[in-house]
Amino acid sequence: MSDNVTIVDHPLVQHKLTVMRDLATSTASFRRLLREISMLLAYEVSRDLPLVETTVETPLMEMESPVLAGKKPALISILRAGNGLLDGVLELIPSARVGFVGLYRDEATLEPVEYYFKVPSELGARRVIVVDPMLATGNTSAAAIDKLKAAGARDIRFLCLLAAPEGVARMSEAHPDVPIFTAAVDEKLNDKGYILPGLGDAGDRMYGTQ
Ligand code: URA
């Protein structure tokens, strides 16, 4: 596996992912689990955020203590499934700025088509965390990151729930500077670009739109 992939193997993450994979898991449970798991993934993806010392007055005395340094991180959700991860990450980093990239996958060509792009200012000065639950072919993610880089983003992390080896390879080739965080890397893609064994269509499962 590529060096720039971190598999978050925390037991709670792995347990919740297994329940999410289960066909019998309801839409409500799937959504709740995605929110919970995204908080755990957010903990890992934010592990190396820079800190700076500040002075704080406790009830007993003054001390130097660390707080997050620099501009607020930017969370970029790749619509629509990214929003399922976004909620939990925002819960953990509530001051983050939020952007949206609307790219859908043309079912015939599997190529990304853009329909929306709105991101926070000064992307180049922020840690940018791109969220999308499924890293499948990697075409959508790579295209979204192309656009974010064109908008100035430099310090980028990609956060997903599940990845396919094909998607990891595509991203590593297109954006070797972007570390990937995921709960698991599955076996392969099927001929429709779905991850196997996977969990199905993440957007459909979280919004009940099958
Ligand atoms: N998108 C999904 O929601 N699921 C997959 O398996 C692949 C892409």
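Bear in mind the structure is a predicted one, so any value in this text is a computation, not a measurement. (Residues numbered from 1 in each chain as written. Predicted model: local features only at pLDDT ≥ 70, side-chain atom pairs only at ≥ 80, totals over all residues. Heavy atoms only, no water.)

J.: Quick question: what am I supposed to make of the site of the ligand here?
T.: As a structural note, the neighbourhood of the ligand is formed by Arg 105, Met 134, Ala 136, Gly 193, Tyr 194, Ile 195, Gly 200, Asp 201 and Ala 202. At 2.8 Å, a backbone N or O of Ile 195 approaches an oxygen atom of the ligand. The contact in question runs from an oxygen atom of the ligand to an N or O atom on the backbone of Ala 202, over 2.7 Å. Burial of the ligand by the surrounding chains reaches 89%, relative to a free accessible area of 240 Å². For the shell around the ligand, a count of residues per class yields five nonpolar, two polar and two charged. (Near = heavy atom within 4 Å. Polar contact = N/O pair within 3.5 Å; in protein donor to acceptor, adjacent residues only side chain to side chain. Areas by Shrake-Rupley, 256 points an atom, 1.4 Å probe, with all protein chains shown as cover. Nonpolar A, V, L, I, M, F, W, Y, C, P; charged D, E, K, R; others polar.)

J.: Honestly, the side chain of Thr 140 in this entry has me stumped. Any pointers?
T.: Within the secondary structure layout, Thr 140 lies in helix 4 (residues 139-150). On the basis of relative accessibility, which here comes to 13%, the residue Thr 140 falls in the buried class. If we ignore the near neighbours within four places in the chain, the residues touching Thr 140 are Ile 78, Leu 103, Arg 105 and Pro 112. (Helix = DSSP H or I, 4+ residues; strand = E, 2+ residues; numbered from the N terminus. Buried < 20%, exposed > 50% of the residue type's maximum accessible area, 1.4 Å probe, protein only. Contact = heavy atoms within 4.5 Å.)

J.: Whenever I open this one, the nonpolar core confuses me. Can you help?
T.: Side chains that are nonpolar tend, in soluble globular proteins, to be buried together. Among the nonpolar cores identified, the biggest contains 34 residues, and Leu 17, Met 20, Ile 37, Leu 41, Leu 159, Leu 161 and Leu 199 are the most heavily contacted of them. Those elements giving two or more residues to this core turn out to be helix 1 (11-21), helix 2 (27-45), helix 3 (82-92), strand 7 (127-131) and helix 6 (202-207). Looking at which element gives the most residues to this core, the answer is helix 2, with seven residues. Excluding anything up to four places from it in sequence, Leu 17 contacts Ile 37, Leu 161, Leu 162, Ala 183, Ala 184 and Leu 199. Of all hydrophobic cores here, the second largest spans 24 residues; its members include Leu 135, Leu 148, Phe 158 and Cys 160. (Core = buried A, V, L, I, M, F, W, Y, C linked by side-chain atoms within 4.5 Å.)

J.: Would you mind going over the pattern of salt bridges with me for this structure?
T.: Close approach of charged atoms lets side chains of opposite charge pair. In total, this model carries 13 salt bridges according to the counting rule given. Two residues, Asp 177 and Lys 149, come together in a salt bridge whose shortest N-O distance is 2.9 Å. Taken together, the residues Asp 177 in the loop between helix 5 (165-174) and strand 11 (180-182) and Lys 149 in helix 4 connect sequence positions 28 residues apart. Overall, the relative accessible area of 41% leaves Asp 177 in the partly exposed class. For Lys 149, a relative accessible area of 22% gives the class partly exposed. By sharing partners, the salt bridges in this structure join Asp 48, Arg 127, Asp 155 and Arg 157 into a single network. (Salt bridge = Lys/Arg side-chain N within 4 Å of Asp/Glu carboxyl O.)

J.: When you look at a negative patch on the surface in this model, what are you seeing that I'm missing?
T.: Taken together, the side chains of Glu 53, Glu 57, Glu 62 and Glu 64 define an acidic patch exposed on the protein surface. Looking at the negative patch, the elements that each hand over two or more residues are strand 2 (51-57) and strand 3 (62-68). Summarising the element assignment, Glu 62 is placed in strand 3. (Patch = residues over 30% accessible without salt bridge, like charges linked within 9 Å, V, L, I, M, F, W, Y side chains within 5 Å. Lys, Arg positive; Asp, Glu negative; His and termini not counted. Charge placed at Lys NZ, Arg CZ, Asp CG, Glu CD.)

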